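A structural walkthrough
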Amino acid sequence: MKQNTPLLIMHSLKKEPTPMKFDRVIAIRNTKTIYRDGNRCIKCFHDAYSKEDVLNEALNQSRMESTELYVPEVFEVSNINGKWSIVMEFIHGKTMEQYMAENPERIQRYLEQFVDLQILMGKQTVSMLPLQNTLMMKNIAKSVTDPAILASYKAKLDALSGDMYVCHGLLEPSNIII
């Protein structure tokens, strides 16, 4: 067993399994269902998500906790009823999408906040996050079978900066809590 593995350390600090009470469904996405449990949020991934994918997501989110961004604290990774899940801090508030729907006259203000958040996110550096080039190539390789096209995409991705700046995989108003 490797020493200083963050997820193993988190798990070893936990004395007994925490009973989960799913107060209510917060959101349903293509690959996950998100529940509220008091002051915790439980992101339960569907079968298409592997254990490795869930552990990587939790690890990356944990790394983001050290930035200027307000990111929910990861408490644990568990297998709940056969589904790999991330248990994290529940953030009180409404999504930017909800505010936009409730206050359409303020949409310009919300869009400016959205852009400011994207700029702030782009200024964050986090060591050991996977490079976006690597993630994009992995996804492209799943859907492109022609070797020539794959090589062309790889060359274009290799030309991009390899800096360690943060890029959210799905930054949209429904994923921002105000």
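Here the structure is a predicted model, which is why all the values come from computation and not from measurement.

1. Concerning the overall build of the protein chain
Each helix and strand in the protein chain was counted, giving six helices and five strands. Ordered by position from the N terminus, the helices and strands of the protein chain form the series α-β-β-β-α-β-β-α-α-α-α. Counting the 178 residues in the protein chain, one finds 29% classified as buried. Sequence separation of at least 24 residues holds for 54% of the intrachain contacts in the protein chain that already meet a minimum separation of 6. When the accessible area of the protein chain is evaluated, it comes to approximately 12,000 Å², of which 56% is carbon and sulfur surface.

2. Topic: the environment of Asp-53
Inspection of the secondary structure puts Asp-53 in helix 2 (residues 51-64). Distance in space between the C-alpha atoms of Asp-53 and Trp-84 is 9.5 Å, their sequence separation being 31 residues.

3. Topic: the pairing of strand 3 (residues 40-45)
Taken across its six residues, strand 3 has six buried, putting it largely inside the fold. Every second residue of strand 3 is oriented toward a common face, with Arg-40, Ile-42 and Cys-44 on one face and Cys-41, Lys-43 and Phe-45 on the other, all of them buried. In this antiparallel pair of consecutive strands, strand 2 (residues 32-37) and strand 3, the connection spans two residues, and Gly-38 shows a positive phi of 60°.

4. Observations concerning the environment of Tyr-70
Relative to the helices and strands, Tyr-70 resides in the loop between helix 2 and strand 4 (74-80). Residue Tyr-70 is classed as exposed on the basis of its relative accessible area of 64%. Spatially, the C-alpha atoms of Tyr-70 and Ile-177 are 9.7 Å apart, while their sequence positions differ by 107 residues. For Tyr-70, the contacting residues outside a window of four places in its chain are Glu-89 and Ile-91. In this structure the side chain of Tyr-70 is engaged in a polar contact, spanning 3.1 Å, whose partner is the side chain of Glu-89.

5. Some words on helix 4 (residues 107-123)
The terminal C-alpha atoms of helix 4, which comprises 17 residues, lie 25 Å apart, in line with the 24 Å expected from a rise of 1.5 Å per residue. Turning to helix 4, its buried residues number three or more, namely Tyr-110, Phe-114 and Met-121. Down the axis, helix 4 shows its buried residues gathered within 45° of arc, on one side only. Among the exposed residues of helix 4, those pointing more than 90 degrees away from its buried face are Gln-108 and Lys-123. Each element contacted by the buried residues of helix 4 is listed here: helix 3 (96-102).

Reading the values: rules and limits
Residues numbered from 1 in each chain as written. Predicted model: local features only at pLDDT ≥ 70, side-chain atom pairs only at ≥ 80, totals over all residues. Heavy atoms only, no water. Helix = DSSP H or I, 4+ residues; strand = E, 2+ residues; numbered from the N terminus. Buried < 20%, exposed > 50% of the residue type's maximum accessible area, 1.4 Å probe, protein only. Contact = heavy atoms within 4.5 Å. Areas by Shrake-Rupley, 256 points an atom, 1.4 Å probe, with all protein chains shown as cover. Pairing = 2+ DSSP bridges. Polar contact = N/O pair within 3.5 Å; in protein donor to acceptor, adjacent residues only side chain to side chain. Expected span 1.5 Å × (residues − 1). Arc of directions from axis to C-beta.

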